[in-house]
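For reference, the chains in residue letters:
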Amino acid sequence: MTPMRTRPVTAFRFAFIGCATMVITVVGHAQSFTQTFGGPGAQDGIGAWPAPEGYRVAIRTHDSMLEGFNAVLQTTNATGGTLGAITWPITGNAFIQATVPAVDGSAFIIGSVLMGGVEKHDILFSKVIPDGTIQWTRTVALSGSQQLFGGHALPDGGAVFCGLTEVAGLHQPFAVRCDAAGDTIWSHVEPMATDAELYAVATDGDHLLFTGRTMTFGGHDDVLLFKADMAGAPIWSTSIGGTATDNGRSIAYAGNNEWVVAGWTDSVGPLDQSSQRRNLRAYLIGLNDDGDTTWTRTFGDTLYDQRLFAMERVSAADIYLAGERSTPYGSDAVLMKVSAGGELLWERVLDLGREDRLSGIMALPDGVIGTGWSFGEYGRQVLFVRRGPDGN
């Protein structure tokens, strides 16, 4: 990766200087910050977690080289300033999609790898230990093509991941569990009649509940739910949806046999009288252990489409959410906090460039961090933010 140097700028603006420039934007409030950084090509912040030096940030980069997609691990200080970066030693195009932090300070980075000359994705998962060392990396070649989008770390040091497998041109829900050494314990494909994918998984300690999307015979998406035991054996699957698009992108166990799914919908909400369309709305669904809906909430208006890409439960009372609000002309990153019942506590909108999105989130003891990307006049760069528990 081309070395990068820093140059502070003001008013949320950044620029390239010379061959490669990393530009940092900081908005201070105690330990809160908003930063964008990157070099030539495009960079997406996939996820972040605390480190002894400050934070680790997993980044998907792209340039014009033959195998131009790479995975980068960046270490920052407590205010998000860059201390150093390493590139994963992976052959082929590495499409990392998510980070899966563990309670011991380690984290899994997951996605897929596409080898040159082969039209096939193989699943990719790697473990980073607390000192920033990449302990191991696994690429598993299975029949067909697979990609990983979400996961959950387990107390035994392993994790469960989920995504899709392509079977005869049809996407099908896929899940895999590994142990602490990265060895595969089991994998499972949940057969569906139509195109379907899994994006996230949570656990109550005894069961796994996955969410994603499944295409209806009418051609739109419904929220997909799939429950399994810890050995991967299916218990039930179901879908939730209305007359239009419903998508489940994240899930959390809220305790007391209650689960929460976050995503988006345009099956409900007010109709925009000028365009005669219903905008996408941020969508929360409360569920019981049987998959029955106990409550729903939507957030948004007739000016923007609003999507939730990530969620993390803070406590039995509160949940953090990350996503975007958009129009055909651009988007803003959105960070929210809601109660366990879906009542909005606060919302923060970040308008940094032409397009901004937060797609990763992690709760801290004294706040929250989020990652994504910001696309402005100088390119697409990592967006990395921290806020206190009050959103400031």
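Residues numbered from 1 in each chain as written. Predicted model: local features only at pLDDT ≥ 70, side-chain atom pairs only at ≥ 80, totals over all residues. Heavy atoms only, no water.

1. Looking at the pairing of strand E22 (residues 281–288)
Among the eight residues in E22, seven count as buried, and that is most of the element. Looking at chain direction, strand E21 (residues 258–265) and E22 are connected through eight bridges and run antiparallel. Bridging from a neighbouring strand, Thr265 pairs with Arg281 of E22. Connecting the antiparallel pair E22 and strand E23 (residues 293–299) is a turn made up of four residues, with Gly291 showing a positive phi of about 85°. (Buried < 20%, exposed > 50% of the residue type's maximum accessible area, 1.4 Å probe, protein only. Helix = DSSP H or I, 4+ residues; strand = E, 2+ residues; numbered from the N terminus. Pairing = 2+ DSSP bridges.)

2. Quick look at the pattern of salt bridges
Inspection of every chain in the model, using the stated rule, returns 14 salt bridges. A salt bridge links Asp44 to Arg60; its shortest N-O distance comes to 2.7 Å. A residue pair is termed long-range when its members are at least 10 positions apart, and Asp44 in strand E4 (residues 42–51) and Arg60 in strand E5 (residues 54–62) qualify at 16 residues. Taking relative accessible area as the criterion, Asp44 reaches 7% and is therefore assigned buried. Where Arg307 meets Glu324, a salt bridge forms, and the shortest distance between an N and an O atom there is 3.2 Å. Of the two residues, Arg307 is situated in strand E24 (residues 305–313) and Glu324 in strand E25 (residues 318–327); the sequence distance between them amounts to 17 residues. Residues joined in a network through salt bridges with shared partners are Asp195, Glu197, Arg213 and Asp221. (Salt bridge = Lys/Arg side-chain N within 4 Å of Asp/Glu carboxyl O.)

3. Quick look at unusual backbone geometry
With phi around 55°, Ala168 is a residue other than glycine that occupies positive phi space. Even without being glycine, Asn257 reaches a positive phi, approximately 60°.

4. Comments concerning the nonpolar core
With 26 residues, the main nonpolar core has Trp49, Trp88, Ile96, Ile109, Ile369 and Phe384 as its most contacted residues. Once you skip the residues sitting within four places of it in the chain, Ile96 turns out to touch Ile46, Ala58, Ile59, Arg60, Ala71, Ile109, Ile110, Gly111 and Leu124. One finds Val100, Phe108, Phe125 and Cys178 within the second-largest nonpolar core, a separate group that totals 16 residues. (Core = buried A, V, L, I, M, F, W, Y, C linked by side-chain atoms within 4.5 Å. Contact = heavy atoms within 4.5 Å.)

5. Digging into the side chain of His188
As for its placement among the helices and strands, His188 is situated in strand E15 (residues 184–189). His188 sits in the buried class, given a relative accessible area of 17%. Reaching out from His188, the side chain makes a polar contact with the side chain of Glu190 at a distance of 2.8 Å. (Polar contact = N/O pair within 3.5 Å; in protein donor to acceptor, adjacent residues only side chain to side chain.)

6. What to know about the environment of Gln31
By secondary structure assignment, the location of Gln31 is in the loop between strand E2 (22–24) and strand E3 (33–37). Take Gln31: its relative accessible area is 41%, and that puts it in the partly exposed class. Gln31 sits 321 residues away from Leu352 along the chain, and the two C-alpha atoms are 20 Å apart. Sequence-distant contacts of Gln31, defined by excluding residues within four places in its chain, comprise Ala78, Asp366 and Arg386.

7. A few points about the packing of aromatic side chains
Evaluated as defined, the whole model comprises 13 aromatic pairs. With a centroid separation of 5.3 Å and 40° between ring planes, the pair formed by Phe125 and Phe161 is classed as tilted. Taken together, the residues span a long stretch of sequence, with Phe125 in strand E10 (residues 121–128) and Phe161 in strand E13 (residues 159–167) at a distance of 36 residues. For the pair shown, Phe125 and Phe161 are each scored as buried. In this structure, Arg249 is placed above the aromatic ring of Tyr199, and the distance from its NZ or CZ to the ring centre is 4.1 Å. For Arg325, the ring lying beneath its charged end belongs to Tyr304, and the centroid distance is 4.1 Å. (Phe/Tyr/Trp six-rings, centres within 6.5 Å; stacked < 30°, edge-to-face > 60°. Lys NZ or Arg CZ within 6 Å of the ring centre and 35° of its normal.)

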